[in-house]
Amino acid sequence: MSERRRIVPGDKLNLERLNFLVVDDNIQSLDIIGQALIGYGVRNIFKCETAKDARDLIERTTVDCMIVDAQMPDEDGYSLVRWVRKDAGEPNRFMPIIICTGHTRLSQIMYARDCGAHFMVAKPITPKVLLERIFWVAKDDRAFVECDTYVGPDRRFKRLGPPYGVDGRRADDPKGALGAAKEPNLSQDEIDSFMKPAKVTL
Amino acid sequence: MSEAKVFKVKTRLATVALGGGGLSVGEAVKRAEAAVELTYEASLAEIDRLLSALESGYGMEGATRETADYDRLYAMASQIIDISICLRDSQLDNAARAFCDLIDLSAELEVWDPEAIAVHIQVMRLLRQSGAEMGAAERAKLVQGLHQVTRKRVGDAEKVASRLAS
């Protein structure tokens, strides 16, 4: 599964040769994200203030990662992401996408979940959190799912299986209810014995 | 229902970013913090402009406080959140988020409560002016108070969310 650990100062990331696209109608916010990317060493930063400008750019340039604001007046970020997943050409259709939002409207919660972005990040964005999300996206090994109603990375982060009473879509999803445990739980002594140092002969 | 296609995609971000070289995370964050600090002055000026516009229109004595303009107020509060990294210790972002909650819920329930709106604006101004000097508990209490105002004067957001989800 995807690695979702905290980044540590010693981790290395090479973002210098990658193309980043930032889409935000708020000029100050665009500037904040752009400055953070410059700090990470990114050289190619495209900035767009509208979803329309972003579409035009995506149609003629290869983008390696898009950071997009959810709330924009003419066309919101969720709609732009849906367009990318459905209608942008390859390889941009599969590009990593991070959505930024300060607040999600009650009526948009499901819409946001189903738009096809890799991650959402809460505004105001701090440089550390944004870099961590970029790191996570780079390490993300979730499969892509494509069907009539959704295109994007698998929304299931954890392998808990499908909800009770629903057959999963994966071949290895467990069928039916798992039922109660058949064997007794480990005793505390048995658990402790796993951690006890033991002499071994090599 | 159509069958879902499931496949793996290797992105250039994964190949290049993790392919060696580049900056250490510690150094990258340090440089980014310094670069973002250059935006603080402009962000503070914009926050002050937005708060003044909110006060003159929708404060206690606001000229248009009876006019239900949900989208405009929501957009202004969102803008404050977007750029409030320059006041990250003040809880202004959480107060602006509480304001977004109020306006969003008011729009869903078609309620317009000028008093509740004015209180939110007052608290945002207070946190802008002196949030950083207050204690954490005091700031948290103020924001908590805003959520209580919304629950009491407008309604329960969770009920509306589950209605919308069903």
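Residues numbered from 1 in each chain as written. Chains lettered and ligands numbered in written order. Predicted model: local features only at pLDDT ≥ 70, side-chain atom pairs only at ≥ 80, totals over all residues. Heavy atoms only, no water.

Peer 1: Lay out the overall build of chain B in plain terms, naming residues and giving numbers.
Peer 2: When helices and strands are counted, chain B shows eight helices and two strands. Its helices and strands in sequence order give chain B the pattern β-α-β-α-α-α-α-α-α-α, from N to C terminus. In terms of overall dimensions, chain B is more spread out than a globule: its C-alpha atoms have a radius of gyration of 21 Å, far above the 15 Å expected for 166 residues. For chain B, the C-alpha atoms occupy an extent of roughly 60 × 50 × 30 Å along the three principal directions. Within chain B, the fraction of its 166 residues that count as buried is 45%. If you take every contact in chain B between residues at least 6 apart in sequence, the share linking residues at least 24 apart comes to 71%. When the accessible area of chain B is evaluated, it comes to approximately 8,500 Å², of which 51% is carbon and sulfur surface. Between the averaged position of the 20 positive side-chain charges in chain B and that of its 25 negative side-chain charges there is a distance of 7 Å. (Helix = DSSP H or I, 4+ residues; strand = E, 2+ residues; numbered from the N terminus. Rg over C-alpha atoms; globule rule 2.2 N^0.38 Å. Buried < 20%, exposed > 50% of the residue type's maximum accessible area, 1.4 Å probe, protein only. Contact = heavy atoms within 4.5 Å. Areas by Shrake-Rupley, 256 points an atom, 1.4 Å probe, with all protein chains shown as cover. Lys, Arg positive; Asp, Glu negative; His and termini not counted. Charge placed at Lys NZ, Arg CZ, Asp CG, Glu CD.)

Peer 1: Quick rundown of the overall build of chain A? Include the residues and the values.
Peer 2: Counting its regular elements, chain A contains six helices and eight strands. Starting at the N terminus, the α and β elements of chain A follow one another as β-β-α-β-α-β-α-β-α-β-α-β-β-α. In the form shown here, chain A has an accessible surface area of approximately 10,800 Å², with 52% of it arising from carbon and sulfur atoms.

Peer 1: So what about the nonpolar core? Which residues, and what values?
Peer 2: Core analysis: the biggest nonpolar cluster contains 75 residues, and L15, F20 and Y40 of chain A together with L13, F99 and M124 of chain B have the highest contact counts within it. With nine residues, helix α5 (residues 92-109) of chain B is the single largest residue contributor to this core. For F20 of chain A, the contacting residues outside a window of four places in its chain are L15, L37, V42, N44, I45, F46, C65, I67 and I134 of chain A together with L13 of chain B. In terms of nonpolar packing, the next biggest core, distinct from the first, is built from 24 residues, V23, V84, C115 and A117 of chain A among them. (Core = buried A, V, L, I, M, F, W, Y, C linked by side-chain atoms within 4.5 Å.)

Peer 1: Could you give an account of the interface of chain B and chain A, with specific residues and numbers?
Peer 2: Note: interface size is frequently given as the accessible area lost on complex formation between the parts. Across the boundary between the two partners, chain B contributes 55 residues, which contact 56 residues of chain A. Of the roughly 4,800 Å² buried where chain B meets chain A, counting both sides, 64% is carbon and sulfur surface. Summed over the three residues of chain B that lose the most area to chain A, namely L13, V25 and D82 of chain B, the buried surface amounts to 14% of that side. At the boundary of chain B and chain A, one finds three salt bridges. Across the salt bridge formed by D82 of chain B and K123 of chain A, the nearest N and O atoms sit 3.4 Å from each other. Listed by contribution, the elements that provide at least two residues to the side of chain B that touches chain A are β1 (5-7), α1 (12-17), β2 (23-24), α2 (25-37), α3 (40-58), α4 (70-83), α5 and α8 (157-165) of chain B. Ranked by the residues each element gives to the side of chain B that touches chain A, the list is headed by α2 of chain B, at nine residues. (Buried area = accessible area lost by both parts, 1.4 Å probe. Salt bridge = Lys/Arg side-chain N within 4 Å of Asp/Glu carboxyl O.)

Peer 1: Let's hear about the sheet that holds strand β3 (residues 44-48) of chain A: which residues, and what values?
Peer 2: Residues and elements named next belong to chain A. One open sheet accounts for five strands, arranged β3-β2-β4-β5-β6; its pairing is parallel. Each edge of the open sheet is held by one strand with a lone partner, namely β3 and β6 (119-122). Across the sheet, the mean angle separating the axes of adjacent strands is 20 degrees when strand polarity is ignored. In this sheet, β3 lies alongside strand β2 (residues 19-23) in parallel orientation, the contact comprising five bridges. Counterpart to N19 in the pairing with β3 is N44. (Pairing = 2+ DSSP bridges. Axes fitted to C-alpha atoms, helices over the stretch in contact; angles between N-to-C directions.)

Peer 1: Which residues make up the pattern of salt bridges, and what values do they have?
Peer 2: The tally for this structure, following the rule as stated, stands at 24 salt bridges over all chains. Across the pair R155 of chain A and D114 of chain A runs a salt bridge whose closest N-O atoms are separated by 2.5 Å. In this pair, R155 of chain A sits in the loop between β8 (151-153) and α6 (188-195) while D114 of chain A sits in the loop between α4 (109-113) and β6, placing the two residues 41 residues apart along the sequence. Take R155 of chain A: its relative accessible area is 35%, and that puts it in the partly exposed class. Judged by relative accessible area, which is 17%, D114 of chain A ranks as buried. Between E27 of chain B and R31 of chain B there is a salt bridge; the shortest N-O distance is 3.0 Å. In this pair, E27 of chain B and R31 of chain B both sit in helix α2, four residues apart, roughly one turn of the helix.

Peer 1: Run through the sheet that holds β1 of chain B, naming residues and quoting values.
Peer 2: The sheet built from three strands is open, its strands ordered β8(A)-β7(A)-β1(B) with antiparallel pairing. This sheet does not close on itself; its edge strands, each paired only once, are β8 of chain A together with β1 of chain B. If you compare each strand with its neighbour and ignore which way they point, the axes differ by 15 degrees on average. The sheet contact formed by strand β7 (residues 144-146) of chain A and β1 of chain B spans three bridges and is antiparallel. Among the inter-strand pairings, V145 of chain A is bridged to a residue of β1 of chain B, identified as V6 of chain B.

Peer 1: Explain the confidence of the model for chain A to me, and be specific about the residues and the numbers.
Peer 2: Confidence in the prediction for chain A averages 86 pLDDT; 82% of positions are at 70 or higher. Here α6 of chain A stands out as the least confident element of chain A, with mean pLDDT 74; β2 of chain A is the most confident, with 98. (pLDDT = per-residue confidence, 0-100.)

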